[in-house]
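Breakdown of the fold
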Number of protein chains: 2
Amino acid sequence: MKKIGKQTISFDSPPTILSTACIVGPKESQGPLASYFDQCLDDEFWGEKSWEKAESKIIKETVNMAIAKSGVASSSIDYCFAGDLLNQCISSSFGLRDTNIPFFGIFGACSTFVEGLSLAAIFAESGIENLLCAASSHFCSAEKQFRFPLELGNQRTPTSQWTVTGAGAAVVSKSGTGPYITNITPGKIVDMGIKDANNMGSAMAPAALDTLITHFKDTDRNPSYYDAIITGDLGHIGKSILIDLAKKEGYNIKSNYNDCGVLIFDQEKQDTHAGGSGCGCCGSVFSGYLYKQMQDKKLKKILLMATGALTNSTTSQQGESIPGIAHAISIEL
Amino acid sequence: MKKIGKQTISFDSPPTILSTACIVGPKESQGPLASYFDQCLDDEFWGEKSWEKAESKIIKETVNMAIAKSGVASSSIDYCFAGDLLNQCISSSFGLRDTNIPFFGIFGACSTFVEGLSLAAIFAESGIENLLCAASSHFCSAEKQFRFPLELGNQRTPTSQWTVTGAGAAVVSKSGTGPYITNITPGKIVDMGIKDANNMGSAMAPAALDTLITHFKDTDRNPSYYDAIITGDLGHIGKSILIDLAKKEGYNIKSNYNDCGVLIFDQEKQDTHAGGSGCGCCGSVFSGYLYKQMQDKKLKKILLMATGALTNSTTSQQGESIPGIAHAISIEL
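Residues numbered from 1 in each chain as written. Chains lettered and ligands numbered in written order. Predicted model: local features only at pLDDT ≥ 70, side-chain atom pairs only at ≥ 80, totals over all residues. Heavy atoms only, no water.

A word on the pairing of strand E9 (residues 166-173) of chain A. Residue and element names in this part refer to chain A. Burial analysis of E9 places 8 of its 8 residues in the buried class, the great majority of the element. A two-sided burial pattern is seen for E9, the buried positions comprising Gly166, Gly168, Ala170 and Val172 on one face and Ala167, Ala169, Val171 and Ser173 on the other. Taken together, the 8 bridges between strand E7 (residues 130-137) and E9 define a ladder with antiparallel strand orientation. From the neighbouring strand, Ser136 faces E9, where its bridge partner is Ala167. (Buried < 20%, exposed > 50% of the residue type's maximum accessible area, 1.4 Å probe, protein only. Helix = DSSP H or I, 4+ residues; strand = E, 2+ residues; numbered from the N terminus. Pairing = 2+ DSSP bridges.)

As structure tokens, then:
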């Protein structure tokens, strides 16, 4: 592998994404992508006594499914990377504690899934055989932790996003027949001073812009190189901001750009305001929809760019702004 | 690099730890290692309005100091890895948001510093020039978040550990004259069913044992290979458990083994019960004391094994046990 430009790493022997899996909750199962998900749950608890335990079960079963689909024995997965939105990433640590796979905990808020794919790709290119990455989120555990008790029935602001209940997982391997991770552009923290914790799309869009432009310059590519450029999860508001910001920088992404948070819910029918969010949004939309589109050769080259808001409720209460980050990876057949 | 044994990675061109830096709080400044720390603060706020903001400032200034000492321009640091104990790792994201270095957020509880060194070593061996890693913790922000408001003046149980106020940072480079990271043994999550959130040493010791034994078997080394085996942070109780458990497995580590949480405080004079803990404990003890012992050639081969309890207050309240993890790296002249 070699570093190209300012912050992109290009792979000489691009690692393969051997398999993916995703499990989603009831609301996601009523959305436009339902048929692409491996398993759709009909309640938020999935037989567990708490939302946190349910989220752990979701990431656990998603990981088991990804491993089973890959054809690689669980004992042959060398290392795994996982994270989530819960304090101290407990969904991942409790969900994966029985896997018996050496574990790197990661935290990139909603960018976690692509952060994991990036690290897995680096390990694979460096000679490690099989890697696993996973990320999850859960609407109820996230609302409880970041916002208000669900029982309060608070009204949501129009700019707010709906945390996806779900998880995505992928097995990345040194060798295989693709889809290949051809390069990665890990992002910088960008903070433009947005303080509204109910408008994450606006807070994260500048970070997405920074990584997007850097990626194009580093790789000497332009938007038309890709069949699809997909962010996760700017939602409707962040998406339109990114289109505008990119245009000002001379890049027209309008025709082939979309966002996981926009794709996963039907904005009109599902009352999800600015769209989906959460580590599980990009995780499940990539693992379910996008990966299968690539397997069917409907998409041959995509740029997957997951965005995260690196904040918590304490920093909001202390009047801080919201730092954003975006990690991009090129996935090609 | 190549994988050896079950879970160790051995480096063909071992990366160098070019520089380290550490800043600690007032209690740490009264402990036995005070003279080794780069900067000792005389209050927990360091001029900030909240403990969270103070912790961010500590990691920020520690990182700046490590970069300055390395002689590498900040703009030539390719990627950084950082994490902490606060919800959503805000100390790191706020502390490092102005660095302008592509950022991987990591979470391994008190094992975070060695997790970062491990990832930095992988990147360096794979051809990336300069990496940064950092971790922090703060007694007051941790007590507030994980236990009780400090103002309550709660009594602490004898098995409890004292979260270190401090941060450690290191610049890892592809080339240099050592100390070298020669191999890494990333750990698995191990949960032996301990549920006492005030006895983290007991909860983490089995994970430390698992990684330790695996490391010895993978590398075909035994305890006497190292001048020092250092865990961070099992504290007094976890340390004695690990010695016993290792003995049962046929490894006598008693003569050359110690723990960062034991080293940093004077147990009798400082009223810190079972010893120090927190990401900043291993971070500052390594960056301050151990690294300088290696520079002075008093230690030539060490095994640094940081341990983490992958839990939070919600899981404790829901009756869950405490999963532990331990990541080990060999550092040699």
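Applying the stated criterion across every chain yields a total of 26 salt bridges over all chains. Lys292 of chain A is the salt-bridge partner of Asp38 of chain A, the closest N and O atoms lying 3.1 Å from each other. Taken together, the residues span a long stretch of sequence, with Asp38 of chain A in the loop between helix H1 (26-29) and strand E4 (39-40) and Lys292 of chain A in helix H10 (residues 279-295) at a distance of 254 residues. The salt bridge partner of Arg221 of chain A is Glu332 of chain A, with a shortest N-O separation of 3.3 Å. Here Arg221 of chain A, found in the loop between helix H6 (200-219) and strand E11 (228-232), pairs with Glu332 of chain A, found in strand E15 (residues 324-332); they are 111 residues apart in sequence, far enough to count as distant. Each member of the pair Arg221 of chain A and Glu332 of chain A is classed as buried. One salt-bridge network, in which partners are shared between bridges, spans Lys53 and Arg97 of chain A together with Asp191 and Glu320 of chain B. (Salt bridge = Lys/Arg side-chain N within 4 Å of Asp/Glu carboxyl O.)

Another aspect to go through is the packing of aromatic side chains. According to the stated counting rule, one finds 24 aromatic pairs over all chains in the structure shown. When the centroid spacing of 5.0 Å and the interplanar angle of 80° are considered together, the rings of Tyr225 of chain B and Tyr226 of chain B count as edge-to-face. An aromatic cluster of three or more residues is present, and its members are Tyr79, Phe81, Phe104 and Phe123 of chain A. The ring centre of Trp162 of chain A lies 4.3 Å from the NZ or CZ of Lys27 of chain A, which sits over that ring. Cation over ring: Lys301 of chain A sits above Tyr225 of chain A, and NZ or CZ is 4.2 Å from the ring centre. (Phe/Tyr/Trp six-rings, centres within 6.5 Å; stacked < 30°, edge-to-face > 60°. Lys NZ or Arg CZ within 6 Å of the ring centre and 35° of its normal.)

This brings us to the interface of chain B and chain A. Contact residues are listed per partner, giving 55 residues for chain B and 55 residues for chain A. Both sides of the chain B and chain A interface together cover about 4,800 Å² of buried area, and 61% of this is carbon and sulfur. Among the residues of chain B in contact with chain A, Gln88, Arg97 and Ile189 of chain B are the three that bury the most area, contributing 15% of the side total. Seen at the junction of chain B and chain A, the total is 8 salt bridges. Asp191 of chain B is paired through a salt bridge with Arg97 of chain A; the nearest N and O atoms lie 2.5 Å apart. (Contact = heavy atoms within 4.5 Å. Buried area = accessible area lost by both parts, 1.4 Å probe.)

What follows covers the relation of the copies chain B and chain A. Its rotation angle being 180°, the transformation that places chain B on chain A also includes 0.0 Å of axial translation and leaves an RMSD of 0.0 Å. Taken together, the rotation and translation relating the two chain copies correspond to the operation of a two-fold axis. Minimal C-alpha separation from the rotation axis in chain B is found for Ile106 of chain B, amounting to 2.0 Å. (Least-squares fit on C-alpha atoms with pLDDT ≥ 70 in both.)

Moving on, we come to the packing of helix H4 (residues 112-125) of chain A against H10 of chain A. Residue and element names in this part refer to chain A. Direction vectors running N to C along H4 and H10 enclose 60°, while the axes themselves pass 7 Å from each other. The angle between the axes of H4 and H10 places the two elements in the oblique class. Of the residues in H10, those in contact with Thr112, Phe113, Val114 and Leu117 of H4 are Cys279, Cys282, Gly283, Phe286 and Ser287. Among the residues making up the contact of H4 with H10, the classes are represented as 6 nonpolar, 3 polar and no charged. (Axes fitted to C-alpha atoms, helices over the stretch in contact; angles between N-to-C directions. Parallel < 35°, antiparallel > 145°, perpendicular 65-115°, else oblique. Nonpolar A, V, L, I, M, F, W, Y, C, P; charged D, E, K, R; others polar.)

Here we come to helix H10 (residues 279-295) of chain B. Working note: α-helix, 3.6 residues per turn, so residues spaced by three or four point in the same direction. Residues and elements named next belong to chain B. The end-to-end C-alpha distance of H10, which contains 17 residues, comes to 23 Å, matching closely the 24 Å that a straight helix rising 1.5 Å per residue would cover. Helix geometry: H10 is bent most strongly at Phe286, by close to 40°. With 15 of its 17 residues buried, H10 lies for the most part within the structure. (Expected span 1.5 Å × (residues − 1). Bend = angle between axes of the 7 residues up to and from the residue.)

Right, let's get into the nonpolar core. The biggest cluster of nonpolar side chains holds 168 residues, and the ones touching the most others in it are Leu117 of chain A together with Leu117 and Leu304 of chain B. Leave out the neighbours within four places in its chain, and Leu304 of chain B touches Val114, Leu117, Ile230, Cys282, Phe286, Leu290, His327, Ala328, Ile329 and Ile331 of chain B. Counting 25 residues, the second largest nonpolar core, distinct from the first, contains Met200, Ile213, Ile243 and Ala326 of chain A. (Core = buried A, V, L, I, M, F, W, Y, C linked by side-chain atoms within 4.5 Å.)

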